[in-house]
Amino acid sequence: MEAPRFLLVSSLSFALLLSVVSAQLSTGFYQNTCPNVESLVRSAVTKKFQQTFVTAPATLRLYFHDCFVRGCDASVLIASPTNTAEKDHPDDLSLAGDGFDTVIKAKAAVDSVPQCKNKVSCADILALATRDVVSLAGGPFYSVELGRRDGRISTEASVQRKLPQPGFNLDQLNTMFASNGLSQTDMIALSGAHTIGFSHCGKFSKRIYNFSPTSRIDPTLNFSYALQLRQMCPINVDPRIAINMDPTTPQTFDNAYFKNLQQGKGLFISDQALFTDPRSRATVNLFASNNAAFQQAFVTAITKMGRVGVKTGNQGEIRIDCSRPN
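Remember, predicted model here, so these are calculated numbers, not experimental data.

Participant: Looking at this structure, I do not really get the overall build of the protein chain. What am I missing?
Facilitator: The helix and strand tally for the protein chain stands at 13 helices and two strands. At 20 Å, the protein chain has a C-alpha radius of gyration in line with the 20 Å of a compact globule built from 326 residues. Taken along its principal axes, the extent of the C-alpha atoms in the protein chain is 60 × 60 × 45 Å. The buried share of the protein chain, taken over its 326 residues, is 51%. Once local pairs closer than 6 in sequence are excluded, the contacts in the protein chain between residues at least 24 apart make up 73%.

Structure (structure tokens):
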């Protein structure tokens, strides 16, 4: 009879551990060690954003890819001399360099203040930089919980089956997000980040050229949009060519992504599935008609995402160089 009781106790401890983790993150975490951390990060990120808009989608996607693999611990930033770190996995090779550079610049700005030097984790800098790029692109400005520590491990193998794929359906998306404590509404709101995203042609070429034996073009894709995409992505296109995921307002963080889905203009199968599937369509319609509802849901979702698998207290470390463990 002892075994079931032990299992109950250990599962209760795990539940308590999860609640303790979010309790250890707090918006005022650095108020005594580096009180100006937010303005230091924001000014560095703003400068970078003014140099290139890619800063915004690149940083946001970097944060998402970090949190879904080993939790939000900046493990995605680690470079491996043998090219076997997270960033070397095929799913991460398309992470734009401007995202990594944003964190490096923000870290340098924080460390240039003697009081702050090596006090703020790379994981927290990435979380703050993400909030700042969302706001700079016209999205909401929200409070960021802080207190994450940096992970010491980054392996290519750990990325396998941890990130959503462009061909995912609603069930596959929900399963993956649920494994990170995120609801269907959270998943739809976070998908809305594609309002400032871009993609290489290879990620969706099947939808416009050889979808199925009976239909070359995916029938859920708006036909005139498909023809436009064919023009931008001819058969032997340069693989470096990038296409905006929001064809209407590609450089504004707004709800146009959801309005596009209503017209069959979701670039990925995983985008259009949110409208095609009746179980998620009502949320898409709500966000399409109400930008404030979308932004509020996005803030809730990205705050929850920022708690995924975090290391706090004496776990992990404060990395001196974001690209390698101490």
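Participant: Looking at this model, I keep getting lost on the environment of Ser121. Mind explaining?
Facilitator: Mapped onto the elements, Ser121 comes out in the loop between helix H4 (97-111) and helix H5 (122-136). Considering only alpha carbons, one finds Ser121 and Val41, 80 residues apart in sequence, at a separation of 12 Å. Those residues in contact with Ser121 that lie beyond four places of it in its chain are Tyr30, Arg148, Arg149, Asp150 and Ile318. Engagement of the side chain of Ser121 in a polar contact is seen with the backbone nitrogen of Asp124, the distance being 3.0 Å.

Participant: What's the story with the state of the cysteines in this structure? I'm lost.
Facilitator: Disulfides are covalent bonds that link the sulfur atoms of two cysteine residues. Per the stated rule, a full pass over the model turns up four disulfides. Between Cys34 and Cys116 runs a disulfide, and the two sulfur atoms are separated by 2.1 Å. Looking along the S-S bond of the Cys34-Cys116 disulfide, the torsion reads about 90 degrees, which is the right-handed sense. You can see Cys34 sitting in the loop between helix H1 (2-24) and helix H2 (37-51) and its partner Cys116 sitting in the loop between H4 and H5, a full 82 residues away along the chain.

Participant: I would appreciate a short explanation of the side chain of Lys265 in the present structure.
Facilitator: Its place among the elements puts Lys265 in the loop between helix H10 (256-262) and helix H11 (269-276). With residues up to four places along the chain from it excluded, the contact list for Lys265 reads Asn222, Tyr225, Asn260 and Gln272.

Participant: Sorry, what's going on with the layout of surface pockets here?
Facilitator: Any space left empty among the atoms is revealed by the rolling of a water-sized probe across them. There is about 780 Å³ of room inside the largest pocket. Secondary-structure elements contributing two or more residues to the lining of the largest pocket are helix H3 (55-67), helix H6 (170-178), helix H7 (184-191), strand E1 (198-200), H11 and helix H13 (291-305). With six residues, H3 is the largest single contributor of residues to the lining of the largest pocket.

Participant: When you look at the packing of aromatic side chains in this model, what are you seeing that I'm missing?
Facilitator: Geometry of an aromatic ring pair is reported as the spacing of the ring centres plus the angle between the planes. Here the structure, examined in full by the defined rule, presents 12 aromatic pairs. Aromatic pair Phe287 and Phe294: ring centres 5.9 Å apart, planes at 50 degrees, arrangement tilted. Overall, Phe294 belongs to the buried group, its relative accessible area being 0%. An aromatic cluster is built from Phe253, Tyr257, Phe258, Phe287, Phe294 and Phe298, whose rings are joined through pairwise contacts. Over the ring of Phe211 we find Lys206; its NZ or CZ atom is 5.6 Å from the centre of that ring.

Participant: Sorry if this is basic, but what is going on with the environment of Ser154 here?
Facilitator: With respect to the helices and strands, Ser154 occurs in the loop between H5 and H6. Separated by 119 residues in sequence, Ser154 and Pro35 place their C-alpha atoms 30 Å apart. Once residues lying within four places of it in the same chain are set aside, the contact partners of Ser154 are Ser75, Ile78, Thr84, Ala85 and Glu86. Separated by 2.8 Å, the side chain of Ser154 and the backbone oxygen of Ser75 make a polar contact. Within the structure, the side chain of Ser154 is placed 3.0 Å from the backbone nitrogen of Glu86, a separation counted as a polar contact.

Participant: Hey, could you run me through empty space enclosed by the protein in this one?
Facilitator: If you walk through the whole model with that rule in mind, you get one cavity of 30 Å³ or more. Size it by volume and the largest cavity reaches roughly 70 Å³. As for the largest cavity, its lining consists of Tyr63, Ala127, Tyr142, Ser143, Val144, Glu145, Arg148, Ile302, Thr303 and Gly306. Here the residues of the lining of the largest cavity sort into five nonpolar, three polar and two charged.

Participant: What exactly am I supposed to notice about the packing of H2 against H4 here?
Facilitator: A pair of packed helices is characterised by two quantities: the angle between their axes and the separation of those axes. Relative to each other, H2 and H4 sit at 140 degrees, their axes nearing to 8 Å. The orientation of H2 with respect to H4, classified from their angle, is oblique. Crossing handedness for the pair H2 and H4: right-handed. The residues of H4 that touch H2, namely those facing Val37, Leu40, Val41, Ala44, Val45 and Lys48, are Asp98, Asp101, Thr102, Lys105, Ala106, Ala109 and Val110. Here the contact of H2 with H4 is composed, by residue class, of eight nonpolar, one polar and four charged.

How each quantity is defined
- Residues numbered from 1 in each chain as written.
- Predicted model: local features only at pLDDT ≥ 70, side-chain atom pairs only at ≥ 80, totals over all residues.
- Heavy atoms only, no water.
- Helix = DSSP H or I, 4+ residues; strand = E, 2+ residues; numbered from the N terminus.
- Rg over C-alpha atoms; globule rule 2.2 N^0.38 Å.
- Buried < 20%, exposed > 50% of the residue type's maximum accessible area, 1.4 Å probe, protein only.
- Contact = heavy atoms within 4.5 Å.
- Polar contact = N/O pair within 3.5 Å; in protein donor to acceptor, adjacent residues only side chain to side chain.
- Disulfide = S-S within 2.5 Å.
- 1 Å grid on protein atoms, 1.4 Å probe; cavity = no way out; pocket = protein on both sides within 12 Å on 5 of 7 lines; lining within 4 Å.
- Points joined across faces, edges and corners; volume = space filled by probe spheres on them.
- Phe/Tyr/Trp six-rings, centres within 6.5 Å; stacked < 30°, edge-to-face > 60°.
- Lys NZ or Arg CZ within 6 Å of the ring centre and 35° of its normal.
- Nonpolar A, V, L, I, M, F, W, Y, C, P; charged D, E, K, R; others polar.
- Axes fitted to C-alpha atoms, helices over the stretch in contact; angles between N-to-C directions.
- Parallel < 35°, antiparallel > 145°, perpendicular 65-115°, else oblique.
- Left-handed = near helix turned anticlockwise from the far one by under 90°.

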